Structures are given as structure tokens and as C-alpha cells.
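Below, each chain spelled out in residue letters.
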Amino acid sequence: MSAPSAPLSLPAGHRVVVPAFAESPLEGVASATLEAMDAPDPSSLAPGDVIVAVKSAAVGWVDLLMTSGQYQHMARPPYTPGLESAGTIVWAGPDVTSASVGDDVIVDGFLAGPRSLGAYQRWGGFATYVVAPAHAAVPMPQTLTHDEAAALLGSYETAYHCLVTRGRVQAGETVLIHGASGATGLAAVQIAKLLGARVIATGRSEQKLAEVKREGADEVIVLRYENGELQPFRDAIKTLTNGRGVDVVYDGVGGDISLESLRCVRFGARFLIVGWASTPDVAKGKGERGAPRANHIPTNLVMMKSLDVLGCPTAISTAMDPSSRPPRMKQILAWANEGKLKPRVSHRFALAEFREAMTAKWNGEVLGGCVLHP
Ligand SMILES: NC(=O)c1ccc[n+]([C@@H]2O[C@H](COP(=O)([O-])OP(=O)(O)OC[C@H]3O[C@@H](n4cnc5c(N)ncnc54)[C@H](OP(=O)(O)O)[C@@H]3O)[C@@H](O)[C@H]2O)c1
């Protein structure tokens, strides 16, 4: 048991608040406000809690979808966004033995913040302070800055779940990664390389793909559009794979790119459905259930090529099988501690600039991660 902390005199701060679910993420961002917040009062907290002064909060795609209730999990408005954050413990309850004041930690988004269920849901990372149970304070790898640490778990856990748990990617296989410049895509590039795979990465920007190559992709393909129509890239893939096609597709983009990808795979390939960044409005807005604009996949190609089409919802799968998480976390933190993986963060904003930050993320201006500094 740690010694009782001295009376606290933490300065007041600010937090972002989403008042109600909007019709679309951009409307949700516009309706969100920056409010003053007092520092949490320890006398109102549980003895196993910690208060974290947030240094960096990741601006995630899910943070955007959640403002319109278009993510499968809905925080109850009014709520503070920020699934992922990193900071320093400034108060630890009397029962806390696993962490101390002054420790740098990542706040586990499954256990505190808007994606969590229960009492800690209101402590989103777009705020000066977060309260979390001590077991949600994950020691920050010393190899990472607060910005990199805030951008670690969501994206790398997703990439790991998709490539390892679902995709069973083996050394020597070729993986086609769409949305490779994005947060989960770039994590997938790094993890696929650590698994010994060959990576072909796609994206719309030559400049961003040059950086993706620097992060380890073996080959990059710039997607071309004519009059809004995606131009086929199957020939480029066939050339790069000696006519064979890729073993695995990691698809975080969806839409036309998914359809074209089905023509770029070998017989018996695995197709990992990670997300649909190109068609983000598949679900109804304002938190209504249902996905009237969902993407569709042609069953004839799935059948004739004997494909394994694998849905990869990391958060839902983790809730269904919590035992899947500890080995995943252990491996990701080990790789981070060994300096083998490091999130790329291209955009940094002050908390008051949360609208600019969320809009930059929505508009695809970001390479890897985007963070706020509360
Ligand atoms: N399965 C899971 O558990 C899980 C977890 C987290 C997120 N996701 C989903 O994964 C997807 C990606 O998330 P993220 O955080 O990586 O997003 P992100 O950082 O915004 O990256 C998405 C990337 O997709 C590309 N893209 C966006 N719009 C496109 C379009 N219209 N056409 C072609 N490419 C487009 C962009 O790359 P270029 O600009 O280079 O083309 C962008 O960098 C989202 O749908 C998200 O909901 C899934």
C-alpha cells in the first residue's frame, strides 16, 4: 500500500464535451464544446483510483464516428471524447500498489474513457485530467514519448488482432495493406514486417506513401482515380507477385478498393475486413442502429477463389473473449520496449484546437497519429 498522498492542489483545467449525437461526425465535431473542469476531488474517488494529468490524447477515427453514434459502441452523451491518452499520475488512492505519483502511463481505453463500460466512461482523454482504476494505468514504454504512447494501443492492438489473431500471417507471405498511411494501417505495416511478411501498401498520396515505405513497406502502389472512379490496380499486384496474387488483404478502406482487392488475391487467400474509411457513413446518424449504406462483397469471387473473408472487430472480439487480450498487450508492449515499433505522429494540436485536429483526421491529412495536448 502506498503512503497516503498529501492534500492535492491541482489547478483547474478544461475538457471537450459532446452534448448529443449529431447526424454526422463533422456535425458532431462542430457541436462539441470546450468547457472548464475542476481537478477531480480525491475524496469522491475510490481507494484504487488514480488521477492522470493528460499530456497527450490520440484523435482516433472512432472518436469521430462516436460523435454521431455511428460507432458500434455508444458513450452516453454528454460525454468527453478521447479513447486513448497518456500522461502522468498526479494522485494515487491509498489502495494503489501497482503505480505511484509521477509515473508515466497509458490510460487503457477498454477500462476508462468513452469506449469503456461503467463508472469510468465519462473520463475521456480530451481533458486535462482522467480518473481511472489503477489497473487501467499501463506503464508507458520508456522508448516512447507521450504522443507516441497515446497513439499505441488502439491502432497496434487492432493491427495485431487482424494480422495475427484473425489473419494468421506467416513469415514470407505477402500482405496487401490499404489505408497504409493511416493510424491502423501504419501499425499494420510495422507489425506485418515484424512477422516477417512482405508488405505491399496502397494509398492516394505519393508523399504519404514515401513515408510508409520509410516505415518498412516493401512496395507501394499509388491509387489513381479518374472522374471519381478508382482505376484497377490488379495488374500492378500481379506484376509484384509474379502473377500469383497476395496471400492476405488488410482492408481498412472498404468500398471500391475492397472489390478490386478480390481480384488481386491468390486462391485460398485471407481477406481481413478492418474498416471502411472511404465509406464512413454506412450506419445511421444520431446513434440510431442499423447500417442502410453498408458495403457489399460479391459472393461469386469469394466462392471461386475459396477465400476466407474475416471480420476483425477488435473491441467486440475482446469483449467476447477477454483471454485474447493479455498476450496481445504483452507482445505489443514488448516490441515497443525493445524499440521495434513506434507509432508515427504527424499532427499535434492544443486541446482548444480539437476541432482542427478532428477535421484534419477526418480529411486524411494525417500520417499515422494525430494528438491533442491538454
Ligand atoms: N477493426 C477494428 O477493430 C478497428 C479499430 C480501429 C479502427 N478501425 C477502422 O479502420 C479504419 C481506418 O482507421 P484509421 O484510424 O487507420 O483511420 P485513418 O488514420 O484516417 O486512416 C485511414 C486511411 O484510409 C485512407 N482513406 C481514407 N479515405 C479514403 C478514400 N475515400 N479512398 C481511399 N483511401 C482512403 C487514407 O489513406 P490515404 O490518404 O493515404 O489514401 C487514410 O490514411 C476506419 O474505418 C476505422 O473505423 C477498425
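The structure displayed is predicted, hence computed values, not measured ones. (Residues numbered from 1 in each chain as written. Predicted model: local features only at pLDDT ≥ 70, side-chain atom pairs only at ≥ 80, totals over all residues.)

Thoughts on the overall build of the protein chain
A count of helices and strands for the protein chain gives 12 helices and 17 strands. Taken over the C-alpha trace, the protein chain has a radius of gyration of 21 Å; the compact-globule value for 374 residues is 21 Å, and the two agree within 12%. Seen along its three principal axes, the alpha-carbon backbone of the protein chain occupies a region of about 70 × 40 × 35 Å. A separation threshold of at least 6 residues defines the contact pool for the protein chain, and within that pool the share at least 24 residues apart is 69%. (Helix = DSSP H or I, 4+ residues; strand = E, 2+ residues; numbered from the N terminus. Rg over C-alpha atoms; globule rule 2.2 N^0.38 Å. Contact = placed C-beta atoms within 7 Å.)

Things to note about the environment of Asn242
Mapped onto the secondary structure, Asn242 falls in the loop between helix 7 (234-240) and strand 13 (246-251). What makes Asn242 exposed here is the crowd of 7 C-beta atoms within 10 Å. Asn242 sits 118 residues away from Ala360 along the chain, and the two C-alpha atoms are 38 Å apart. (Buried ≥ 20, exposed ≤ 12 C-beta atoms within 10 Å, placed from the backbone.)

Some points on the pairing of strand 3 (residues 49-58)
With respect to burial, strand 3 is a largely interior element, 8 of its 10 residues being buried. Of the strand pairs in this sheet, strand 3 and strand 6 (residues 129-133) are connected by 5 bridges, and their pairing is antiparallel. Pairing of Val50 across the sheet is with Ala132, part of strand 6. Looking at chain direction, strand 3 and strand 4 (residues 85-92) are connected through 7 bridges and run antiparallel. Of the residues in strand 4, the one forming a bridge with Val50 is Ala92. Pairing of strand 3 with strand 17 (residues 369-373), which is carried by 2 bridges, proceeds in the antiparallel orientation. (Pairing = 2+ DSSP bridges.)

A look at the packing of helix 4 (residues 153-166) against helix 5 (residues 183-194)
Interhelical geometry of helix 4 versus helix 5 gives an angle of 55 degrees and a closest axis separation of 8 Å. Classified by the angle their axes make, helix 4 and helix 5 are oblique. For the crossing formed where helix 4 meets helix 5, the hand is right-handed. For the pair formed by helix 4 and helix 5, the contact residues are Ser155, Tyr156, Thr158, Ala159, Tyr160, Cys162 and Leu163 on the first element and Ala183, Thr184, Ala187, Ala188, Ile191 and Ala192 on the second. Split into classes, the residues belonging to the contact of helix 4 with helix 5 amount to 10 nonpolar, 3 polar and no charged. (Axes fitted to C-alpha atoms, helices over the stretch in contact; angles between N-to-C directions. Parallel < 35°, antiparallel > 145°, perpendicular 65-115°, else oblique. Left-handed = near helix turned anticlockwise from the far one by under 90°. Nonpolar A, V, L, I, M, F, W, Y, C, P; charged D, E, K, R; others polar.)

Points about the domain arrangement of the protein chain
One can read the domain layout of the protein chain as domain 1 (13-152 + 343-373) and domain 2 (155-317). Relative placement of domain 1 and domain 2: their C-alpha centres are 28 Å apart. For the side of domain 1 that touches domain 2, the class distribution of residues is 9 nonpolar, 9 polar and 3 charged. (Domains from an automatic or database assignment.)

Some details on helix 6 (residues 206-214)
Within the span of helix 6, buried status applies to Lys208, Leu209 and Val212. Viewed along the axis of helix 6, the buried residues span an arc of 100 degrees, placing them on a single side of the element. For helix 6, the exposed residues set more than 90 degrees away from the buried face come down to Glu206, Gln207 and Arg214. Looking at the buried residues of helix 6, the elements they touch are helix 5, strand 9 (198-203) and strand 10 (219-222). Once helix 6 ends, the next one or two residues include Gly216, with phi positive near 130 degrees. (Arc of directions from axis to C-beta.)

Things to note about the site of the ligand
The local shell around the ligand holds 28 residues, among which Gly179, Gly182, Gly203, Gly275 and Ser278 are the closest. Going through the elements one at a time, helix 2 (61-66), helix 5 and helix 10 (314-320) are the ones with two or more residues in the shell around the ligand. Each residue belonging to the shell around the ligand can be placed in one class, and the counts come to 11 nonpolar, 14 polar and 3 charged. Residues lining the shell around the ligand come from more than one domain, with at least three contributed by each of domain 1 (13-152 + 343-373) and domain 2 (155-317). (Near = placed C-beta within 6 Å.)

Considering unusual backbone geometry
The phi torsion of most residues other than glycine is negative, and most of the peptide bonds are trans. Of the consecutive residues Pro77 and Pro78, the connecting peptide bond is found in the cis state with omega at -5 degrees. Along the chain, Pro78 turns up in the loop between helix 2 and strand 4. If you check the backbone angles, Asn227 has positive phi at about 50 degrees while not being a glycine. With respect to the helices, strands and loops of the structure, Asn227 is situated in the loop between strand 11 (225-226) and strand 12 (229-230).

Re the sheet that holds strand 13
What the 6 strands build is an open sheet, ordered 10-9-8-13-14-15; its pairing is parallel. The outermost strands of the open sheet, each flanked by one partner alone, are strand 10 and strand 15 (308-311). Mean inter-strand twist for the sheet, computed between neighbouring axes without regard to direction, equals 20 degrees. Here 4 bridges tie strand 9 to strand 10, and the two strands are oriented parallel to one another. Residue pairing for strand 10: Thr202 is matched across the bridge by Ile221.

Here's the deal with the packing of helix 4 against helix 11 (residues 325-337)
Interaxial distance between helix 4 and helix 11 falls to 10 Å at its minimum, and their mutual angle equals 120 degrees. Classified by the interaxial angle, the pair formed by helix 4 and helix 11 is oblique. Relative to helix 11, the crossing made by helix 4 is right-handed. Facing Tyr156, Glu157, Tyr160 and His161 of helix 4, the residues of helix 11 in contact are Arg328, Gln331 and Ile332. Across the contact of helix 4 with helix 11, the residue classes break down as 3 nonpolar, 2 polar and 2 charged.

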